[in-house]
Amino acid sequence: MNSGTGSAIFDSLGVRRIINGRGWITALGGSIMPPEVCEAMAEAVNTYVDFDELNLAAGRKIAGYTGAEAGLAVAGAAAGLLLQTAACMTGDDPALIDQLPDCSGLRDEVALYYLHQTNYDRCYRAAGAKLVIWGEGDGSAEEQLEEAIGESTAALAYVFHPWNSCPIPLERAVEIAHGRGVPVIVDAAVMLPPASNLTAYIDAGADMVAFSGGKGLRGPQSTGILCGRADLIEAARLSTSPYKGVGRAAKVCKEEIAGLLAALDLFVRTDHEAEWAVWRSRSAAIASAVGDIPGLEVRIEEDDPNRQGPQAVVYFRDGWAGASSSAVLERLASREPSIRIGQGGYGDELFISPVTLCEGEEEAVGRALREELLAAE
Ligand SMILES: *Cc1c(COP(=O)(O)O)cnc(C)c1O
């Protein structure tokens, strides 16, 4: 599925192809779209459509896949966060949609657990909302959540992200927020696969959920899906292109919608266990290339919720006198082709995500990693 065959345009620009052992991250190009997705996009190019008609039909498809009342194709999960917030502040009142990001007279606070702060929480603020960070004060987490919700709370934001977990499970957070008449908006950008997560957060009672379309779903990098309560999704739709709301700068085009739907269709038909087995065997190849080096502890981490996929992880043990973790990382990046892997989590360990490796690249990564680990400092 991953071909990594290169691009004449990138070559002509002098932009190097890299080996991505870091995962589905935007900074390294997201994911490689499967042929079915590229074909769907190419097919959509030659046709004019009424955008509302397409958008509503695509939304119904997304609703079907997620078990939500309604869905919407959006310009990435980050746009989803912006639109979730806007929708919770304005509802589908056209005057209020028009008013944002001026929040005068509106409930304009988004409650966010302190460990749920990420690079993306500015997307809530971009809608005009203020963040109310909770969880660092006195009292139990539940007491603090109760306190964070007040007269001005538009939504409780709940984020699923490696290394950022909340002691209150989503179901319970939903109970608490709903008890106060406040909707819960979920950032699940990185939570696909597994496919079961398409429905999990809606099942847990979330009012709106955002997923990236261009990470594990392998749709266009600039897409995402939003799903949830019909009234809130309608508010979100009216707040973005082709309308003039606060989401207008986050436009999705018809080709991207076609690609996103093709990616979803392929994703739910994928044999995820077989794919996992491929990832595991790539990780095993990398681990075995470096597993015998004294002073290192090399593991394949499969069940750690903070590592996505079965990843080879290299820990530097006391007494390790070789190259530092950062030096190895830098030297791999400066090779030709450049090899990008991950660092950190529990400490300065190195990890390799197998999900974005193209076929056969695990051998090259294993060899290069061994060379750089054994190179003198
Ligand atoms: C990647 C990510 C986003 C943004 O997703 P895009 O689809 O790139 O817009 C939002 N939240 C979290 C936690 C993410 O990891």
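This one's a predicted model, so the numbers in the text were calculated from it and none came from an experiment.

Okay, the overall build of the chain next. Counting secondary structure elements, the chain contains 14 helices and 12 strands. Against the globule reference of 21 Å for 377 residues, the chain gives a C-alpha radius of gyration of 22 Å, in line with a compact fold. Going through the 377 residues of the chain one by one, you find that 51% of them count as buried. Long-range contacts, defined here as pairs at least 24 residues apart, represent 69% of the contacts in the chain between residues at least 6 apart. With the model as given, the accessible surface of the chain reaches about 16700 Å², and the carbon-plus-sulfur share is 51%.

It is worth spelling out the domain arrangement of the chain at this point. In terms of domains, the chain is made up of domain 1 (8-30 + 271-374) and domain 2 (35-269). Domain 1 and domain 2 are separated by 31 Å when their C-alpha centres are compared. With both sides pooled, the region where domain 1 packs onto domain 2 buries about 1200 Å², and carbon together with sulfur makes up 56% of that total. Per-residue buried area on domain 1 facing domain 2 is highest for Trp24, His272 and Asn306; these three make up 50% of the total on that side. Summed over the shared surface of domain 1 and domain 2, the number is one salt bridge. Across the pair Arg218 and Glu275 runs a salt bridge whose closest N-O atoms are separated by 3.0 Å. Of the residues contributing to the side of domain 1 that touches domain 2, the split by class is three nonpolar, seven polar and three charged.

Our focus in this paragraph is the site of the ligand. Looking at the ligand, the residues that line it are Thr26, Gly76, Ala77, Ala78, Tyr120, His161, Asp187, Ala189, Val190, Ser212 and Lys215. At a separation of 3.0 Å, an oxygen atom of the ligand approaches a polar side-chain atom of Lys215. The fraction of the free accessible surface of the ligand (380 Å²) that becomes covered by protein chains is 93%. The residue inventory of the shell around the ligand, partitioned by class, reads five nonpolar, four polar and two charged.

The next thing to look at is the sheet that holds strand E7 (residues 208-212). In a beta sheet, neighbouring strands are held together by backbone hydrogen bonds and run either parallel or antiparallel to one another. Strand order in the open sheet made by the seven strands is E2-E8-E7-E6-E5-E3-E4, with mixed pairing throughout. One side of each edge strand has no neighbouring strand; the edge strands of this open sheet are strand E2 (70-74) and strand E4 (130-134). When the angles between neighbouring strand axes are averaged without regard to direction, this sheet yields 25°. As judged from the four bridges shared by strand E5 (residues 153-159) and strand E6 (residues 184-187), these two strands associate in the parallel manner. Bridge assignment links Val159 to a residue of E6, and that residue is Asp187. Running over the sheet, helix H4 (residues 77-90) touches E2, strand E3 (109-113), E5, E6, E7 and strand E8 (224-228) and is turned about 165° from E7. Strand contacts of helix H7 (residues 141-148): E3, E4 and E5, with the helix running at about 155° to E4, the strand carrying the most contacts.

Analysis parameters
Residues numbered from 1 in each chain as written. Predicted model: local features only at pLDDT ≥ 70, side-chain atom pairs only at ≥ 80, totals over all residues. Heavy atoms only, no water. Helix = DSSP H or I, 4+ residues; strand = E, 2+ residues; numbered from the N terminus. Rg over C-alpha atoms; globule rule 2.2 N^0.38 Å. Buried < 20%, exposed > 50% of the residue type's maximum accessible area, 1.4 Å probe, protein only. Contact = heavy atoms within 4.5 Å. Areas by Shrake-Rupley, 256 points an atom, 1.4 Å probe, with all protein chains shown as cover. Domains from an automatic or database assignment. Buried area = accessible area lost by both parts, 1.4 Å probe. Salt bridge = Lys/Arg side-chain N within 4 Å of Asp/Glu carboxyl O. Nonpolar A, V, L, I, M, F, W, Y, C, P; charged D, E, K, R; others polar. Near = heavy atom within 4 Å. Polar contact = N/O pair within 3.5 Å; in protein donor to acceptor, adjacent residues only side chain to side chain. Pairing = 2+ DSSP bridges. Axes fitted to C-alpha atoms, helices over the stretch in contact; angles between N-to-C directions.

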